[in-house]
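Now for the letters of each chain:
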Amino acid sequence: MATKNIFSKHLPNVKLATRFDADGNEIQVEKREDEEQKRKEQEIIEALVGAGYYRAHILGLSSFDKIVGGMTWCIEACDYDVNVDLLFHENLTIGQKIALTEKIVGVLPRMKCPYLIEPHQIQGLDFINIFPVIQWLVKRSVENRTKKADTLRKLAATQFQNHFTLESDRQLQRLRVTQLGHLQAIEAKYLPKRQFKLRKAAGGGWIPVRPRGDTASQEDPEDQSIEEEIEDEDTEEAEVPLSTVREHNISVELSETDHSILTKTYDGIKQKLSPEALEQVAERNQIKTQLAAKLALEKKLELARIECDQLRDTVREEEHQLQVATEQKETLEEEIRNLDNLEISEENQKILDHVKELVLKNERMKKQETLFKENCKKELAELQQKIEKSEVSTPEEDVKELQRQLDMEQERLKSLRLQLAKKNRAYVSINRQLDNIPDRTELAQYQRRFLELYNQVSAKHRETKQFYTLYNTLDDTKLYLEKEMSLLNSIYENYSSAMQTPQSREQFVQQFETIVEGIRSTKGKLKKKCDDEKAKRDGLNAQLLCLVEQQRKYAATVKQLTMECQRNEALMQHLKALKVTVATAGHQS
């Protein structure tokens, strides 16, 4: 085997597949892989599986079948009809694939898909352009399925409630009926009865009195007549204010005897008083109530005046503050307009930028000055402490201090050495791990060695195949020769006996013709099989030529794209250089 340079230029992401032509010669074909396309394909498959299309996980299917099947499944999940049958039509031809993708692409505008895609992009597995369409379809299908699920769930709940009732609901209904019956029975047993009603007293107040129906059986006829007279007087003086109850302090919780005594006393006093005195008492009560109302209104008026004065003071203060704020706003707006007018020209803009830089520089210098002062103060304090120690200390103490510092430094050196040893061990372990990972040169060497091994194995396989074919051919030849020898031996053995009589001779000739006819039919079958194999070989050669032409066009396109990319990079570098020169020229000016 010829030696090869393993350190030659290596193309990234290129796999060489071994092919053979009709004569058995090896053909090297470059097959480029795009990492972005593979990543998008994996994301598409994960999105379809996450949405519920588990057919995309089948390893035996091609990428086209997974993509088209997933798109069709999503479209049908969105309640759109697609005239596509994918169950028994896999691994289609290019024409059938394009026709299938045209049907899918025709449905997308009806679904108001925001992304545009062409049939040849789906057929050519342009995953970068297919991914947004798949993502939108998956999102739309998930939303539609969620709405359907909610609708079906509500429908099922409604139908269940219309035709079935749970045991807990039936128990609750029976409990409610029982409670309602008990409540109605209690309300019928304990009906409300009126015990007292307000009646006007002698001094103009109100006292509770039992109704006439309840006290008729317990009181005397005299008391009943007295109550009737009092009721008549009450109807005449019904407009006496209720505040008199508070003035007379009459208790509302009275027994029947107290009530009768008060009634008799009230009648006696009323008989003693003249009508003029009664009118004077009523007028005095009215005057008292009016005076109380007047005092209350005067207090309210005074409070309202005080509150009004306070509100006026606050309003004056707010107006003064508002006036001051408006004046400040006007001055600030005037200054801003002046500054804007100054910033319009380029010279003023440059001056302003320079002033801003100086201001920032001044602030930085101030910060550095403060830090420097603090450091100087710290160093001065340390030096003063050292001077004081040196003035007080003796030579023995200095030696002890130096020895102590030496011990501390040695301990620090030991700790640093330990840390360095740990870092070295970590560095060695990481370096060992990095050495275990092959670099690009080693990977290229491994690839070439694997290709050489693959070529050797394929050559050995081809040689073994040829040996098998040769053996089968020789075995078939041997079989046919043995049949021929057996036929000739049988003819030679039966010839003498067959030539004795005319009948046996004629029968022998017929048998011989039958054998010849069978041999001719076998020869025709073999010739037909040979012609079929030749036609198959010619078809494969034509297909190979088409693929080689496509490979040549692909290589030319890739070369042109590489040149354009290099040209684009050169232009971008030139543009960056121009920007840098312009910026430096402006800074210098």
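Residues numbered from 1 in each chain as written. Predicted model: local features only at pLDDT ≥ 70, side-chain atom pairs only at ≥ 80, totals over all residues. Heavy atoms only, no water.

The chain appears in an unreviewed UniProt entry as Coiled-coil domain-containing protein 93 from Anopheles sinensis. Within the UniProt record for the chain, the comment given under Sequence similarities (unreviewed entry) is "Belongs to the CCDC93 family." (UniProt positions renumbered as here; feature names shortened; annotations may be inferred.)

A. The nonpolar core, seen in detail. Among the nonpolar cores identified, the biggest contains 32 residues, and Ile44, Leu48, Met71, Ile75 and Leu137 are the most heavily contacted of them. Put simply, the parts of the chain that give this core at least two residues each are helix H1 (35–51), helix H2 (63–77), helix H3 (94–107) and helix H5 (127–163). For this core, the element with the most residues is H5, which contributes eight residues. Non-local contacts of Leu48, meaning those with residues more than four positions away in its chain, are made with Tyr53, Ala56, Lys66, Gly70, Cys74, Ile134 and Val138. (Core = buried A, V, L, I, M, F, W, Y, C linked by side-chain atoms within 4.5 Å. Buried < 20%, exposed > 50% of the residue type's maximum accessible area, 1.4 Å probe, protein only. Helix = DSSP H or I, 4+ residues; strand = E, 2+ residues; numbered from the N terminus. Contact = heavy atoms within 4.5 Å.)

B. Representation of the packing of aromatic side chains. For the coordinates displayed, the defined rule picks out two aromatic pairs. Centroid distance Tyr53 to Trp73: 5.8 Å. Interplanar angle 40 degrees. Geometry classified as tilted. In this pair, Tyr53 is assigned in the loop between H1 and H2 and Trp73 in helix H2, connecting sequence segments 20 residues apart. Residue classification places Tyr53 among the buried positions, given a relative accessible area of 7%. Owing to a relative accessible area of 24%, Trp73 belongs among the partly exposed residues under this scheme. Between the aromatic rings of Tyr495 and Phe508, the centroid separation amounts to 6.3 Å while the plane-to-plane angle is 70 degrees, which identifies the pairing as edge-to-face. Of this pair, Tyr495 sits in helix H14 (residues 440–498) while Phe508 sits in helix H15 (residues 502–588), placing them 13 residues apart in sequence. (Phe/Tyr/Trp six-rings, centres within 6.5 Å; stacked < 30°, edge-to-face > 60°.)

C. Seen up close, a nonpolar patch on the surface. Judged by side-chain polarity, Leu443, Tyr446, Phe450, Leu453 and Val457 come together as a nonpolar surface patch covering roughly 530 Å² of accessible area. Tracing the chain through its elements places Phe450 in helix H14. (Patch = residues over 30% accessible without salt bridge, like charges linked within 9 Å, V, L, I, M, F, W, Y side chains within 5 Å. Areas by Shrake-Rupley, 256 points an atom, 1.4 Å probe, with all protein chains shown as cover. Salt bridge = Lys/Arg side-chain N within 4 Å of Asp/Glu carboxyl O.)

D. Just the packing of H1 against H2, in detail. It is at 11 Å that the axes of H1 and H2 come closest, and there the two elements cross at 40 degrees. The orientation of H1 with respect to H2, classified from their angle, is oblique. Between H1 and H2 the crossing geometry is left-handed. Contact residues: H1 offers Glu41, Ile44, Ile45, Leu48 and Ala51, while H2 offers Ser63, Lys66, Ile67, Gly70, Trp73 and Cys74. Here the residues of the contact of H1 with H2 are counted per class, giving seven nonpolar, two polar and two charged. (Axes fitted to C-alpha atoms, helices over the stretch in contact; angles between N-to-C directions. Parallel < 35°, antiparallel > 145°, perpendicular 65-115°, else oblique. Left-handed = near helix turned anticlockwise from the far one by under 90°. Nonpolar A, V, L, I, M, F, W, Y, C, P; charged D, E, K, R; others polar.)

E. Examining the pattern of salt bridges more closely. With the rule as written, the count across this model stands at 13 salt bridges. Put simply, Glu167 and Arg170 hold a salt bridge, and the shortest N to O gap is 2.7 Å. Placement of both Glu167 and Arg170 in helix H6 (residues 167–189) is noted, with a separation of three residues, approximately one turn of the helix. For Glu167, a relative accessible area of 39% gives the class partly exposed. Taking the shortest distance from any N to any O, the salt bridge between Glu401 and Arg404 comes out at 2.2 Å. Here the residue Glu401 and the residue Arg404 both occupy positions in helix H13 (residues 395–436), the gap between them amounting to three residues, near one helical turn. Judged by its relative accessible area of 33%, Glu401 is partly exposed. Note on Arg404: relative accessible area 42%, which makes it partly exposed.

F. Fine view of the confidence of the model for the chain. When pLDDT is averaged along the chain, the result is 78, and 79% of the positions lie at 70 or above. The least confident element of the chain is helix H9 (residues 244–248), whose mean pLDDT is 39; the most confident is H15, at 89. Segment residues 26–32 is flagged for pLDDT under 50; beyond a separation of four residues in sequence, or across chains, it makes 32 contacts in the model. Segment residues 213–252 is flagged for pLDDT under 50; beyond a separation of four residues in sequence, or across chains, it makes 46 contacts in the model. (pLDDT = per-residue confidence, 0-100.)

G. Representation of the packing of H1 against H5 in the model. For the pair H1 and H5, interaxial distance at closest approach is 9 Å and the crossing angle is 10 degrees. Judged by the angle between their axes, H1 and H5 are roughly parallel. Counted together, Glu36, Gln37, Lys40, Glu41, Glu43, Ile44, Ala47, Leu48 and Ala51 of H1 and Phe127, Ile128, Ile130, Phe131, Ile134, Val138, Val142 and Arg145 of H5 form the full contact between these two elements.

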